[in-house]
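The residues making up each chain are set out below.
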Amino acid sequence: FPSHDRYDLHGYKETPHDIYFPWLKKTLELQGHEVHVPELPNTTTPKESEQVEYVLKNCVLDENTVVVAHSLGCVVAMKALMKLNKPISGLVLVASAHDPKFNPPKAREFWKHFSCDFDYKLIQKNAQGRIAVLSDTREPIRAPYLKHLAKGLDAALIETTSTTEHFNGKEEPEVLKCVNPLVSVLS
């Protein structure tokens, strides 16, 4: 099995050691993939520009890369893809943070420093059209935005039930199901 890079980008107040990241990393490494879970800066008071620049400077994003992002990490991943001059192999957006203008979520301080203004066509191009959006059926307030996001990105929308609300479980098999087809494209 050849080794390919995968990057998992965590969300607000998360670390690489939280939720399903350690399990997913171990599972994919056993399949022969190289997996990185970088620790994004300032997760309790995040700023879009700082986190996006961190990803662009510290992650190898190329045609052998699949990016898996969770919650606010999805916004960071999409913004990073908009700044790339080359494609990656695929993108999995897990329970993306949703645009506060779309369906106001509970107030979050980070929205002062983040925007959901996306160039869907550029993201789609830079992910080579290989995009999956995971929506947790336990989060009905987030679901309409994720449908909107999937449609804008012409992405596969996977509406499923996570093991723990917002895909916050120690193991999330539905995430692995979405990632495996993308990483197998690389093999």
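This text goes with the structure placed above it.
Just so it is clear, the model here is predicted, and its values are computed rather than measured. (Residues numbered from 1 in each chain as written. Predicted model: local features only at pLDDT ≥ 70, side-chain atom pairs only at ≥ 80, totals over all residues. Heavy atoms only, no water.)

1. As for the state of the cysteines
Disulfides are covalent bonds that link the sulfur atoms of two cysteine residues. What counts is decided by this rule: Note that a disulfide, as used here, is simply two cysteine sulfur atoms within 2.5 Å. Remark: exposure states derive from per-residue accessible area (1.4 Å probe, protein chains only) relative to the maximum for the residue type, with buried under 20%, exposed over 50%, and partly exposed in between.
Tallying each qualifying case throughout the model produces zero disulfides. Between Cys59, a cysteine without a disulfide, and Cys74, which holds the nearest cysteine sulfur, the sulfur-to-sulfur distance is 15 Å. Given the relative accessible area of 9%, Cys59 is considered buried. The thiol of Cys74 is not disulfide-bonded; the next cysteine sulfur, from Cys116, is found 10 Å away. A residue is classified by how much of its surface remains accessible, and Cys74, at 0% relative accessible area, is buried.

2. Side note on the side chain of Glu174
As a reminder of what qualifies: Helix and strand labels come from DSSP, where a helix needs a run of H or I of at least four residues and a strand needs a run of E of at least two; each type is numbered from the N terminus. Distance and chemistry together define a polar contact, namely a pair of N or O atoms within 3.5 Å, with one atom able to donate a hydrogen and the other to accept it when in protein, and with adjacent residues in sequence counting only for side-chain atoms on both sides. It only takes one pair of heavy atoms within 4.5 Å for two residues to be counted as in contact.
Looking at the element boundaries, Glu174 is found in helix H6 (residues 173–186). A polar contact is formed between the side chain of Glu174 and the side chain of Thr160, at a distance of 3.4 Å. In this structure the side chain of Glu174 is engaged in a polar contact, spanning 3.1 Å, whose partner is the side chain of Lys177. Those residues in contact with Glu174 that sit more than four places away from it in its chain are Leu134, Thr160, Thr161 and Phe167.

3. Details of the sheet that holds strand E3 (residues 65–70)
Definition in use: A pair of strands is labelled paired if DSSP reports no fewer than 2 bridges between them. The axes used here are C-alpha line fits, helices contributing only the stretch in contact, and every angle between their N-to-C directions lies in the interval 0 to 180 degrees.
The strand order across the open sheet formed by six strands is E2-E1-E3-E4-E5-E6, and the pairing between neighbours is parallel. What marks the edges here is a single partner per strand, and that holds for strand E2 (34–36) and strand E6 (156–160). Averaged over all pairs of adjacent strands, the angle between their axes in this sheet comes to 15 degrees, without regard to strand direction. Relative to E2, strand E1 (residues 5–9) runs parallel, the two sharing three bridges. Of the residues in E2, the one forming a bridge with Asp5 is Glu34. Contacting strand E4 (90–94), strand E5 (131–136) and E6, helix H5 (residues 143–153) runs over the sheet at an angle of about 170 degrees to E5.

4. Observations concerning the layout of surface pockets
Applied cut-off: Cavities and pockets are defined on a 1 Å grid built over the protein atoms alone: a cavity is a set of grid points where a 1.4 Å probe fits but cannot escape, while a pocket is an open set with protein on both sides within 12 Å along at least five of seven lines, and lining residues are those with an atom within 4 Å of any such point. Grid points are joined across faces, edges and corners, and a volume is the space filled by probe spheres set on the points. Residues are sorted three ways: Asp, Glu, Lys and Arg are charged, Ala, Val, Leu, Ile, Met, Phe, Trp, Tyr, Cys and Pro are nonpolar, and all the rest, Gly among them, are polar.
The space that makes up the largest pocket amounts to roughly 460 Å³. Lys106, Arg108, Glu139, Arg142 and His166 are, among the 20 residues lining the largest pocket, the residues nearest its centre. By residue class, the composition of the lining of the largest pocket is eight nonpolar, six polar and six charged.

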